[in-house]
Structure formats: C-alpha cells, structure tokens
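# Descriptive analysis of the structure
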Amino acid sequence: MATKSILQETQQIERAVSLIRLGARLQVLESETDLSYERLLKLYKEVAGRSPSKGQLPFSTDWFLTWQPNIHSSLFLNVHGYLSKTSDLDGIDIVIKAYKLYSEQISACGLEPQLSITRAWRLVKFVDNKMLQMTTCSCCGGHFVTEPYENARHFVCGLCRPPARAGKGASLGNIQMQ
Ligand SMILES: [Zn+2]
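Residues numbered from 1 in each chain as written. Predicted model: local features only at pLDDT ≥ 70, side-chain atom pairs only at ≥ 80, totals over all residues. Heavy atoms only, no water.

Turning our eyes to something else, we now look at the coordination of the zinc ion. The zinc ion binds to the protein through C137 (SG), C140 (SG), C157 (SG) and C160 (SG), with metal-donor distances spanning 2.3 Å. Relative to the metal, the four donor atoms surrounding the zinc ion lie at angles of 105 to 114°, and the coordination shape comes out tetrahedral. Given a relative accessible area of 32%, C160 falls into the partly exposed group. (Donors = N, O, S within 2.8 Å, 3.2 Å for Na, K, Ca; no water. Tetrahedral: all angles 85-135°; square planar, octahedral: opposite > 155°, others 65-115°. Buried < 20%, exposed > 50% of the residue type's maximum accessible area, 1.4 Å probe, protein only.)

As assigned here, the chain comprises domain 1 (6-48) and domain 2 (62-170). A C-alpha centroid distance of 25 Å is found between domain 1 and domain 2. Counting from both sides, the interface comprises ten residues of domain 1 and, opposite them, ten residues of domain 2. Carbon and sulfur atoms make up 69% of the surface buried where domain 1 meets domain 2, a total of about 950 Å² over both sides. Of all residues in domain 1, R15, L22 and E32 give up the largest surface area on contact with domain 2, accounting jointly for 55% of the area buried on that side. Where domain 1 meets domain 2, there are three salt bridges. In this structure, E32 engages K125 in a salt bridge whose closest nitrogen and oxygen atoms are separated by 3.3 Å. For the pair domain 1 and domain 2, the interface holds five residue pairs in polar contact (both at pLDDT 80 or more). (Domains from an automatic or database assignment. Contact = heavy atoms within 4.5 Å. Buried area = accessible area lost by both parts, 1.4 Å probe. Salt bridge = Lys/Arg side-chain N within 4 Å of Asp/Glu carboxyl O. Polar contact = N/O pair within 3.5 Å; in protein donor to acceptor, adjacent residues only side chain to side chain.)

A separate point is the packing of helix α1 (residues 6-21) against helix α3 (residues 37-48). One way to put it is that α1 packs onto α3 with a least axis distance of 10 Å and a crossing angle of 50°. Of the possible angle classes, the one that applies to α1 and α3 is oblique. Seen from above, α1 lies across α3 with right-handed handedness. Packed against α1, whose contacting residues are E9, I13, A16, V17, I20 and R21, the element α3 presents R39, L40, L43, Y44, V47 and A48 at the interface. In terms of residue class, the contact of α1 with α3 is made up of nine nonpolar, no polar and three charged. (Axes fitted to C-alpha atoms, helices over the stretch in contact; angles between N-to-C directions. Helix = DSSP H or I, 4+ residues; strand = E, 2+ residues; numbered from the N terminus. Parallel < 35°, antiparallel > 145°, perpendicular 65-115°, else oblique. Left-handed = near helix turned anticlockwise from the far one by under 90°. Nonpolar A, V, L, I, M, F, W, Y, C, P; charged D, E, K, R; others polar.)

Below, the discussion takes up the pattern of salt bridges. All chains considered together, the criterion is met by four salt bridges. Here R15 makes a salt bridge to D90, at a shortest N to O gap of 2.9 Å. On the criterion of sequence distance, the pair formed by R15 in helix α1 and D90 in the loop between α5 (67-86) and α6 (91-108) is long-range, its members being 75 residues apart. The exposure class assigned to R15 is buried, which follows from its relative accessible area of 8%. D90 sits in the partly exposed class, given a relative accessible area of 43%. One continuous salt-bridge network, built from bridges that share partners, spans R15, D90 and D93.

What follows is the structure, encoded as structure tokens:
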C-alpha cells in the first residue's frame with residue numbers, strides 16, 4: 001500500500017467534509033475518497049451531528065427526465081460542463097463546486113434546490129457512462145439532460161413546452177439554460 005502524505009490525507013478529509021456539509025450520502029464519500037469506512041462514519045457524525053441515512057442510492061435515470069427535476073439537473077450539468085472545460089480541478093471537486101453554484105442560483109431565484117448532491121453526483125456518472133446525455137433544445141438552444149440518442153432536430157425542452165399539469169404556480173422563474 002502506498003504511503004499517503006499528510007497533505008493528501010488533509011485534502012481527502014476536506015473533500016469529505018465539503019460533501020457531508022452539502023448533504024452527501026456516505027456511499028458518495030466512500031466512492032470519492034480513500035478514507036476508511038470507520039473514519040468516514042466518525043467524520044460524518046462529527047460534521048453532520050447525526051448518523052448517515054441508510055439505504056440504497058437512487059439507481060434509475062428516470063428521475064432526471066421528469067419535468068422539474070430535469071430543469072434542475074440540466075442547470076447543474078451546464079455549470080458542471082462549464083467548470084470541466086475551464087478549470088483543472090479533480091472530478092469530485094468539480095461536482096462540489098458546480099453543486100454549490102447550482103444551489104446559489106436556485107436560491108437566488110427564490111426556489112429550493114430539488115437536486116441533492118448525491119443525485120448530482122449520480123447524474124455525472126450516468127452521463128459518463130452514456131446512460132444520459134445533454135441535448136440542445138431545437139426551440140431555445142439551451143442544453144438539457146435527455147436519454148441517449150435523443151433526436152436533437154425535434155427535441156423541445158421542458159421550459160419551452162411545460163407539461164399541461166405544470167400550471168402557472170409551477171413557474172421556474174428566471175432560470176436560463178443558454
Ligand atoms: Zn427550450
């Protein structure tokens with residue numbers, strides 16, 4: 001086993017603490033740091049002040065394709081894509097930074113974030129594994145999360161064509177996807 005430097009370990013702990021503060025599930029920490037399960041559990045209790053929730057992670061891509069979650073997911077993924085291109089941060093640090101920016105933008109619109117950090121992390125994995133992709137809306141030109149092989153020529157996003165059941169009260173305000 002390679003010896004870890006104190007600096008590397010400090011970075012891992014900082015990462016884990018950021019993820020816990022954002023509400024990440026323990027499985028995300030296990031996947032994204034080299035810290036042992038016991039240490040992560042201890043860290044989680046110390047930072048969150050409670051034990052981590054148990055149970056499976058969401059495995060389905062369906063949630064990301066339903067109307068409002070899709071708009072939130074797309075906003076996050078646009079920020080994530082921008083940071084991936086313009087920064088040299090590590091993968092998980094881009095997820096953390098993009099999630100913070102997403103939350104700030106949603107709060108600035110007077111809305112609650114619907115996407116959790118755990119789902120945001122899953123979303124990036126789904127896109128990496130080509131189980132979901134970004135498609136450009138043929139109407140507004142924004143980029144949205146869709147199933148793979150969505151036909152971009154005919155694709156119209158959920159902001160341009162909200163479902164009838166959405167109604168006026170469900171407006172998403174000033175969110176722009178360009
Ligand atoms: Zn559109």
